[in-house]
Structure formats: C-alpha cells, structure tokens
Amino acid sequence: PAIYSEASLRKYLRKPFLGIGTILNKKGYQTSFYCTHDPHIDNMSGFFKLNGIKKIVSQENFDGVYSLGALGVPDHILLDRFILDNRNSNKPFFSIIMTGSDHGPWKIPQNISYRPSSDNKEQRCTQYADWSIGEFLRKAKKQSWYENTVFVFLGDHGLSMGHTYEMPISYHHVPCIIHLPKYFKPSTIATPTYQPDIPATIMGILQMNFHNETF
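Residues numbered from 1 in each chain as written. Predicted model: local features only at pLDDT ≥ 70, side-chain atom pairs only at ≥ 80, totals over all residues. Heavy atoms only, no water.

S.K.: Please clarify how the overall build of the protein should be interpreted in this entry.
M.R.: A tally of helices and strands in the protein yields six helices and five strands. Helices (α) and strands (β) of the protein occur, in sequence order from the N terminus, as α-α-β-α-β-α-β-α-β-β-α. Taken over 215 residues, the protein has a buried fraction of 34%. Considering only residue pairs separated by 6 or more positions, the protein has 62% of its internal contacts joining residues 24 or more positions apart. Roughly 13,900 Å² of accessible area belongs to the protein as shown, and the carbon and sulfur atoms make up 53% of that amount. (Helix = DSSP H or I, 4+ residues; strand = E, 2+ residues; numbered from the N terminus. Buried < 20%, exposed > 50% of the residue type's maximum accessible area, 1.4 Å probe, protein only. Contact = heavy atoms within 4.5 Å. Areas by Shrake-Rupley, 256 points an atom, 1.4 Å probe, with all protein chains shown as cover.)

S.K.: Which parts of the structure should I look at to understand the sheet that holds strand β3 (residues 93-98)?
M.R.: Two pairing modes exist for strands in a sheet, parallel and antiparallel, and in both the strands are linked by backbone hydrogen bonds. In spatial order, the strands read β2-β1-β3; together these three strands make up an open sheet with parallel pairing. Of all strands in the sheet, those bounded by a partner on one side alone are β2 (55-57) and β3. Shown here is a sheet whose adjacent strand axes are inclined to one another by a mean of 15 degrees, direction ignored. By the bridge criterion, six bridges tie strand β1 (residues 30-35) to β3 in an arrangement that is parallel. Among the inter-strand pairings, F33 is bridged to a residue of β3, identified as I96. Across the face of the sheet, helix α4 (residues 75-86) comes into contact with β1, β2 and β3 while running at roughly 165 degrees to β3. (Pairing = 2+ DSSP bridges. Axes fitted to C-alpha atoms, helices over the stretch in contact; angles between N-to-C directions.)

S.K.: Where do I start with the environment of D42 in this structure?
M.R.: Residue placement: D42 occurs in the loop between β1 and α3 (44-50). Exposure remark for D42: the relative accessible area of 35% places this residue in the partly exposed category. Setting aside anything within four residues of it in sequence, one finds D42 in contact with A7, L9 and R10.

S.K.: Just to check I follow, could you spell out unusual backbone geometry for this structure?
M.R.: Across residues other than glycine, the phi torsion is negative in most instances, and most of the peptide bonds are trans. Here the bond from G104 into P105 is cis, since omega is 0 degrees, no more than 30 degrees from zero. Positive phi outside glycine occurs at D42, with the angle close to 55 degrees. Here the phi dihedral of Q207 falls at roughly 55 degrees; this positive angle occurs in a residue that is not glycine. Positionally, Q207 belongs in the segment after α6 (197-205).

Listed below in structure tokens is the structure:
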C-alpha cells in the first residue's frame with residue numbers, strides 16, 4: 001500500500017525481485033524506463049536497473065530548454081521521445097513510462113495547441129495529461145507494433161480526499177486501463193484488484209508461462 005513518507009524503492013535497494021522487467025528481459029524483450037524528471041529521485045534508477053530494466057531515458061537526456069522545473073520535461077515531450085526511439089523497432093519491448101504533469105508543482109507547457117478549460121491549476125494539469133496520452137495513442141496507432149502491443153495505464157496512488165481514516169481510502173483508488181483493441185472489447189471489471197496483479201495479468205495476455213514471485 002501507499003504509505004506517506006515511505007520510500008519503498010530506496011528501502012529495497014539491494015533486494016531484487018522477479019518482476020515483469022526481469023521476466024521479459026530473460027525472454028528476449030528490450031526493457032526501458034522513461035521518466036520526465038531526475039531518474040535518481042526515490043532511487044528509481046537504481047531499483048529498475050536491479051530489476052531487469054536495461055535502458056533509462058529521463059530529464060538528463062533532454063535539452064534544458066524543455067524543462068518545466070522540478071518535474072522535468074512535459075509529458076508530451078517524453079511520450080514523443082518514446083515514439084521516436086521505437087518507430088523502427090522490430091524486436092519485442094517492455095517499457096515503463098512515468099508521466100509527471102498530474103503532480104505538484106502544477107505546471108503545463110504554454111507552447112502547445114491544446115488549452116485546458118478548467119480554471120483550477122490541478123485540474124488543468126489533469127486535462128493536459130489526458131491530452132498528452134491521447135496524442136501518444138494517436139501517434140502509436142501509426143506504428144507497426146501498435147496492434148500487438150499491450151498498453152496498461154496505471155496510477156501509482158489516488159487523490160487524498162476526506163480524512164475518515166488516518167490514510168484516506170481515496171489514496172488507494174487508482175485507475176487501471178488495459179488497451180488492446182485487436183483482442184479486447186470495451187468492458188469494466190469492478191472487483192477490487194491490486195497493483196501486483198498486473199504482471200500476472202500481462203503474462204496471461206501474452207500467454208507466457210512464468211513463476212509468480214513478484215513483490
């Protein structure tokens with residue numbers, strides 16, 4: 001569970017897990033992690049390198065002119081970089097892309113065609129994040145690998161709303177969307193699920209056998 005001030009990726013630095021990065025790397029997949037900001041925050045870079053991720057693309061790989069501050073480059077710039085890096089890919093790949101706009105400090109780029117409608121700065125960032133993902137999918141559809149790629153859109157934690165408990169329940173309510181239109185028709189699963197269910201779900205979709213020893 002998400003716990004305030006608990007930096008799990010630093011705490012478990014020297015303990016590798018048999019997660020999906022390690023599993024797919026051993027099966028011949030190229031593995032990568034993309035993030036908008038400093039990759040060393042919360043030991044992200046160290047943790048992913050220990051767990052099967054071979055390539056890391058971050059704020060360090062962009063010209064400083066693109067930076068918006070603490071959260072690094074805008075989402076759409078990072079997503080465009082991913083498309084560029086994989087446009088001619090003919091090998092299977094597993095990539096984690098961590099966007100940053102829907103997180104304080106609330107700031108979005110001004111030199112884009114999209115203009116959020118909300119007057120609330122947090123909601124404007126959410127609208128921008130939504131637009132960025134839409135643009136990403138529009139460009140991904142033009143790639144040769146689109147129809148055979150499993151897209152998973154997942155939140156790391158929810159929004160703290162109400163304080164009935166010391167840790168608001170809403171903080172653990174996150175979206176999870178699996179996008180694979182060639183194989184799946186739109187539907188909703190309403191039963192409770194847990195983020196560690198994701199590797200087993202993806203491996204099931206890929207029809208690959210594996211030992212489930214995830215965290």
